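Listed below are the residues making up each chain.
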Amino acid sequence: MVHPGRFFFRRVLPRAVATSWSALALPFALTLALTLALALAAADAPRALSPAESLAAFQLEPGLKIELVAAEPLVVAPAAFAFDERGRLYVAENRDYPDAPSGAAPQGRIVLLEDTDGDGRFDKRTEFATGLTYPNGVACWRGGVFVTCAPDILFLKDTDGDGVADERRVVLTGFDTSKSTQLRASHPTLGPDGKFYVTCGLAGGKITSPAHPERAAVNFSASDGRFDPATFVFETTGGRGQFGLSFDAFGRRFVCSNRHPILQVVLEPWHLKRNPDLAFTETTQAVSKVEADARAWPISGAAVTADFIPNLMRAPHTGTFTSACAVTVFGGDGLTDAHRGNVFVCEPAQNLVQRQLLRPDGAAFRAEPATEGREFLASTDTWFRPVFLGGGPDGALYVADMHRKEIDHPVYVPAESRALLDFESGKNTGRIYRITRASTPAAGGRPAGPTRAASAHLSSPDAWQRETARRLLLENANRDRGEVLKLEKIAALDPQPESRAAALDVLRAWGTLRPAALSAAFRDPDARVREVAVHHAGETLGGAPELLELLRAAARDGDARVRFAAALAFGPVRDATVLPGLAAIALRDGDDRWTRAAVLSGVGGRAAEFQSALRALPDGAARTRGALLRDIGKLLGTAGDPKACGDFLAPLLRGDADLAWRVPAVLGLAEGLAGGGATRARKPALATLGGEALAAFFVSTAARAADASATSADRLAAVALLGFGGYETSAPLLAQLLDARQPPDVQLASVRALERLADPRGAEVLTAPATWAQFSPAVREAAIATLTSRPPLIAGLFAAIARGTVAPGELSSARRAQLLKHADATVRAGAEKVFRALEGGDRMAVYQGYRDCLDLPGDAARGREVFLRACSACHTHRGAGGKVGPDLTGLRNQPATAILLHILVPNYEVAPAYQAMTATARDGRAVTGWLVAETDAGVTLRTAAGVEETLLRRDLATLVASGVSLMPDGLEQAVPKPAMADLLAYLKEAPR
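Residues numbered from 1 in each chain as written. Predicted model: local features only at pLDDT ≥ 70, side-chain atom pairs only at ≥ 80, totals over all residues. Heavy atoms only, no water.

S.K.: Please clarify how the pattern of salt bridges should be interpreted in this entry.
M.R.: Where charged atoms from two side chains of opposite charge come close, those side chains can pair. Tallied over the entire structure, the rule returns 49 salt bridges. Where Arg434 meets Glu67, a salt bridge forms, and the shortest distance between an N and an O atom there is 3.2 Å. You can see Arg434 sitting in strand 30 (residues 431-437) and its partner Glu67 sitting in strand 4 (residues 64-71), a full 367 residues away along the chain. A relative accessible area of 14% means that Glu67 is categorised as buried. In this structure, a network of salt bridges that share partners links the residues Glu93, Arg95, Arg109, Arg125 and Glu127. (Salt bridge = Lys/Arg side-chain N within 4 Å of Asp/Glu carboxyl O. Helix = DSSP H or I, 4+ residues; strand = E, 2+ residues; numbered from the N terminus. Buried < 20%, exposed > 50% of the residue type's maximum accessible area, 1.4 Å probe, protein only.)

In structure tokens:
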């Protein structure tokens with residue numbers, strides 16, 4: 001389906017529940033008890049409520065009201081909608097979801113709904129376009145609509161006035177359809193730049209335009225994109241949205257995915273691409289709380305425990321978001337002033353819509369639910385499936401209810417259980433609701449939207465009116481001087497900052513944004529308008545160099561997001577006079593990772609000059625600290641210019657200045673010099689740059705690393721730097737820091753430092769029997785990552801396995817696969833010898849052999865110790881443990897048999913997002929983990945040790961998906977049956 005592509009399938013009595021284990025985002029096989037429960041539930045499933053009954057089932061915020069504006073048969077399976085300027089509603093009906101019958105004609109449609117009598121309810125239906133597969137997005141443009149219907153984006157238009165599209169063109173094609181019908185490109189949304197943005201739906205594509213066969217295809221993995229509606233040029237953007245995309249009034253973009261209700265796209269690929277030496281791949285920030293912390297408060301009973309059925313517990317994530325979709329920044333005037341600028345998110349799995357409040361957070365935002373313990377909109381009707389939100393001509397918030405008995409896709413349900421579940425009921429129903437202030441007249445209160453003379457509507461207090469006016473202005477090719485003057489007046493004098501920003505957006509998209517208008521906007525009293533002006537100045541700077549002085553002033557603005565915009569605007573400017581501005585922003589906002597990345601993205605090739613600009617600022621050398629200096633050093637080291645590197649290093653090695661900022665700076669330089677792939681041979685060695693002074697500095701660094709009274713950050717930086725010293729200098733201390741009495745972070749940093757030393761003797765240190773035996777799970781996993789990273793260390797691992805110090809089963813399937821397929825024949829042969837028998841084992845037989853532990857009396861207190869020893873390296877439970885895998889706190893609601901299955905057979909079924917990938921660098925180092933971010937410049941993997949590693953693409957030799965989980969097989973070797981019973985008791989114990 002269109003909506004929220006959930007990883008999990010959940011269904012509970014009185015309708016029963018089949019779930020996938022969120023701990024690994026994998027579907028579970030159902031136990032006999034669960035199968036019987038589903039059969040019982042199917043025989044007594046609740047019916048669909050009538051529209052009147054559904055209205056009575058809502059709980060809505062006080063002071064508001066909800067009204068039905070359309071229901072079946074007038075509308076069926078509404079997945080998305082868009083109002084045109086005449087107040088007509090285009091609706092994408094995704095009737096075939098979840099899957100069309102084999103061989104049947106496609107039933108997806110775009111329908112046109114009209115309210116002909118002005119009573120506030122639609123009463124006329126026209127089938128605008130039929131025969132579509134799975135339409136999931138619609139956007140108005142030039143009298144027609146763009147429709148996302150993967151593999152295509154269509155343009156449909158009625159040219160003869162009969163309400164039926166007689167023009168039907170594929171404007172873009174190649175969007176991936178190989179995954180489920182949930183995971184597809186969607187949400188065409190007009191951006192402030194006049195381009196249409198789409199979410200990728202967690203799928204990729206190979207995009208071409210049939211109208212332009214001469215253009216090369218745009219190949220991309222899962223990342224969002226945009227296209228020009230005039231030329232159909234498609235390009236990838238930042239973000240990786242599933243089903244939901246929204247801009248606020250000032251051009252900030254937000255997306256979402258199942259367990260991530262609100263994600264802000266902070267940077268774009270073209271920002272990061274301009275500095276190829278910058279190892280930063282992230283583009284989005286989690287604005288809301290995510291996963292187990294993303295709270296929701298359902299009232300539907302869809303997650304009520306069926307206590308009378310053995311082993312059938314509540315859905316594992318009841319009370320947290322599992323199907324977040326349709327993220328919408330609402331700016332309508334049909335609710336209250338308190339609702340403007342709030343973010344609304346649908347959660348169809350739990351029959352609710354949540355409202356969140358945005359708060360500034362440096363260059364980005366944070367959000368929190370508006371009301372703890374109560375949702376903006378919730379229903380006791382388990383068929384209420386809100387999947388889309390939008391504003392209307394009357395300022396109201398409209399809600400599309402797909403209205404299904406089951407909203408999940410069968411692919412996420414164990415195969416043996418699919419026949420027991422009813423995915424068809426609701427395919428002929430659907431509702432659309434309107435939410436307004438309680439005092440609003442039933443008919444809505446406002447007629448249709450702007451006419452073609454739309455500029456006046458930019459001054460509307462309602463976002464839909466402004467956005468529709470903006471669209472009509474962008475469609476208008478007649479950009480006469482009179483219209484430009486009207487827009488300039490709005491940009492300068494309108495009392496609403498949202499209107500001033502909208503006028504600037506149109507002028508920029510028209511190419512008529514003059515420096516004088518921008519200069520006035522730079523002095524706007526509202527920081528949000530200044531932010532928009534700065535972004536536009538960066539885009540127009542090439543044609544108006546006089547704007548540079550304005551940008552220099554913006555670098556000193558009192559608002560963090562204005563300064564962030566200035567950093568991005570400075571980036572493309574090669575004039576050296578911008579470096580002091582970038583330096584000033586860096587000094588003020590260097591602790592904000594987004595601003596730091598924005599600054600450094602514009603430093604490409606000028607790191608040395610930038611460093612000089614920093615030092616030239618008043619007290620600049622003294623105030624430059626930590627993360628910023630480390631990043632500058634890394635840029636210089638990556639570029640590899642000997643003089644620039646030496647000039648950077650020399651003052652760091654002199655005098656008695658505070659090691660707290662000197663160590664990170666030298667560490668960054670060392671990291672940059674160690675990377676670089678093809679340029680490595682031309683780089684100077686750190687030792688040759690520093691000489692005797694560097695040797696003395698390493699002595700001081702070692703003392704800081706061993707100093708238990710030093711701050712954690714200082715110690716960790718010092719330990720990391722020891723990884724770039726000589727083995728004889730660093731290894732003895734690193735071996736001491738592996739002691740269990742040291743803080744875990746220090747132990748982990750010491751393991752990684754031994755990896756960086758790349759000396760085969762490091763394997764002997766890690767696998768010394770007394771050392772290996774006292775490793776915690778997290779440290780042991782880090783040690784395994786190190787021992788499998790380079791051939792010399794791998795040989796030491798095989799030796800430790802041969803002598804019995806390390807058990808083969810301690811390595812995950814992903815790591816075993818990495819070694820069995822290694823490019824080095826010696827490594828492959830060694831892996832065959834120690835792993836082949838284990839790889840050939842029957843994991844299901846192990847599971848069957850362990851089922852009798854379910855009958856043993858488990859002790860939760862002992863189980864906690866088992867969890868800490870065997871699971872906490874990767875997973876968190878009740879706030880304790882690692883952040884590699886998903887939080888297991890809600891796991892108590894799963895059948896014990898299902899939990900046991902995926903503990904013992906972790907590769908039973910692995911969702912693509914959780915498949916391990918191995919990145920091999922040109923220097924032979926290998927990193928295995930989950931892909932958490934990528935851009936054109938690089939990739940970031942999160943390893944099973946919880947460490948995020950970023951590799952530039954130019955440094956990669958290979959990047960391969962293993963198809964298996966990071967979770968290791970063979971846990972039974974460390975957890976005998978009585979201990980497994982204790983572990984299960986702990987995981988299923990109710991919180992006290």
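S.K.: So what exactly am I meant to see when it comes to the sheet that holds strand 7 (residues 108-114) here?
M.R.: The pairing of strands in a sheet happens through backbone hydrogen bonds and is either parallel or antiparallel. Strand order in the open sheet formed by four strands is 5-6-7-8, with antiparallel pairing between adjacent strands. Looking along the sheet, the strands with just one partner apiece sit at the ends: strand 5 (78-83) and strand 8 (124-132). Sheet twist, expressed as the mean angle between neighbouring strand axes with direction ignored, is 20 degrees. Inspection of the sheet shows strand 6 (residues 89-93) paired to strand 7 by five bridges, in the antiparallel sense. Paired with Leu89 across the bridge in strand 7 is Leu113. (Pairing = 2+ DSSP bridges. Axes fitted to C-alpha atoms, helices over the stretch in contact; angles between N-to-C directions.)

S.K.: Could you clarify how one ought to interpret the sheet that holds strand 9 (residues 137-141) in this entry?
M.R.: Read from one edge to the other, the open sheet built from six strands follows the order 9-10-11-12-15-16, with strand pairing classed as antiparallel. Looking at the sheet topology across the chains shown, the edges are occupied by strand 9 and strand 16 (218-220). Here the strands of the sheet are splayed against their neighbours by 25 degrees on average, with no regard to which way each runs. Two elements, strand 10 (residues 144-149) and strand 11 (residues 152-157), share six bridges in a ladder whose sense is antiparallel. Paired with Gly144 across the bridge in strand 11 is Lys157.

S.K.: Help me understand helix 16 (residues 642-649) in this model?
M.R.: An α-helical turn contains 3.6 residues, so any two residues separated by three or four positions project in the same direction. Residues Ala644, Cys645, Gly646, Phe648 and Leu649 constitute the buried set of helix 16. Buried-residue contacts for helix 16 involve helix 13 (607-616), helix 15 (626-639), helix 17 (659-674) and helix 18 (686-706). (Contact = heavy atoms within 4.5 Å.)

S.K.: What's the story with the environment of Arg953 in this structure? I'm lost.
M.R.: Structurally, Arg953 is set in the loop between strand 36 (948-952) and strand 37 (956-965). The class for Arg953 is partly exposed, based on a relative accessible area of 30%. Residues Arg953 and Gly938, 15 residues apart in the sequence, show an inter-C-alpha distance of 4.6 Å.

S.K.: Just checking my understanding: could you explain empty space enclosed by the protein for this structure?
M.R.: Vacant regions in the atomic arrangement are exposed by a probe of water-molecule size rolled over the atoms. Tallied over the full model, the rule gives three cavities of 30 Å³ or more. The space that makes up the largest cavity amounts to roughly 130 Å³. Along the walls of the largest cavity sit 15 residues, with Glu755, Ala785, Thr786, Thr943 and Glu949 positioned nearest its centre. Class assignment for the residues of the lining of the largest cavity results in six nonpolar, four polar and five charged. (1 Å grid on protein atoms, 1.4 Å probe; cavity = no way out; pocket = protein on both sides within 12 Å on 5 of 7 lines; lining within 4 Å. Points joined across faces, edges and corners; volume = space filled by probe spheres on them. Nonpolar A, V, L, I, M, F, W, Y, C, P; charged D, E, K, R; others polar.)

S.K.: In this structure, what is going on with the packing of aromatic side chains? I would like to understand it.
M.R.: The geometry of an aromatic ring pair is captured by the separation of the ring centres together with the interplanar angle, meaning the angle of the planes. Tallied over the full model, the rule gives 25 aromatic pairs. Ring centres 5.7 Å apart and planes at 20 degrees place the aromatic pair Phe196 and Phe227 in the stacked group. Placement of Phe196 in strand 14 (residues 196-199) and of Phe227 in strand 17 (residues 225-227) is noted, with a sequence separation of 31 residues between them. Each member of the pair, Phe196 as well as Phe227, is classed as buried. Each ring, one from Trp772 and one from Phe775, has its centre 5.8 Å from the other, and the planes form 65 degrees; the classification is edge-to-face. Residue Trp772 shares its accessibility class with Phe775, and that shared class is buried. Positioned above the aromatic ring of Tyr850, the side-chain terminus of Lys977 is 5.7 Å from the ring centre. (Phe/Tyr/Trp six-rings, centres within 6.5 Å; stacked < 30°, edge-to-face > 60°. Lys NZ or Arg CZ within 6 Å of the ring centre and 35° of its normal.)

S.K.: Mind showing me how you'd approach the pairing of strand 7 here?
M.R.: The side chains of a regular strand alternate, first on one face of the sheet and then on the other. Counting buried positions along strand 7 yields seven of seven residues, so the element is predominantly enclosed. Across the two faces of strand 7 the burial is the same, with Gly108, Ile110, Leu112 and Glu114 and Arg109, Val111 and Leu113 all buried. In this structure, strand 7 lies alongside strand 8, joined through six bridges in antiparallel fashion. Opposite Val111, over in strand 8, you have Glu127 as the bridge partner.

S.K.: I keep staring at the environment of Ala823 and nothing clicks. Help me out?
M.R.: Here Ala823 shows up in the loop between helix 26 (813-820) and helix 27 (825-839). Put simply, Ala823 and Thr920 are 97 residues apart on the chain and 9.9 Å apart in space, counted from C-alpha to C-alpha.

S.K.: Please explain the side chain of Arg662 as it appears in this structure.
M.R.: Here Arg662 lies in helix 17. Polar contacts involving the side chain of Arg662 include one to the main-chain carbonyl oxygen of Leu652, which spans 2.6 Å. (Polar contact = N/O pair within 3.5 Å; in protein donor to acceptor, adjacent residues only side chain to side chain.)

S.K.: In this structure, what is going on with the pairing of strand 4? I would like to understand it.
M.R.: With eight of eight residues buried, strand 4 lies mostly within the body of the structure. Where strand 4 meets strand 30, seven bridges bridge the pair, whose relative direction is antiparallel. In the sheet register, Glu67 faces strand 30, and the bridge partner there is Arg434.

S.K.: Got a minute to help me understand the confidence of the model for the chain in this structure?
M.R.: Reading fine detail from the predicted coordinates is not recommended where pLDDT is low. On average, residues of the chain carry a pLDDT of 85, and 85% of them reach 70 or more. Here residues 1-45 is modelled with pLDDT under 50, and outside its nearest four sequence neighbours on either side it reaches 190 contacts, counting other chains as well. Low pLDDT (under 50) marks residues 303-315, which in the prediction has 37 contacts with non-local residues, meaning those over four places away or in another chain. (pLDDT = per-residue confidence, 0-100.)

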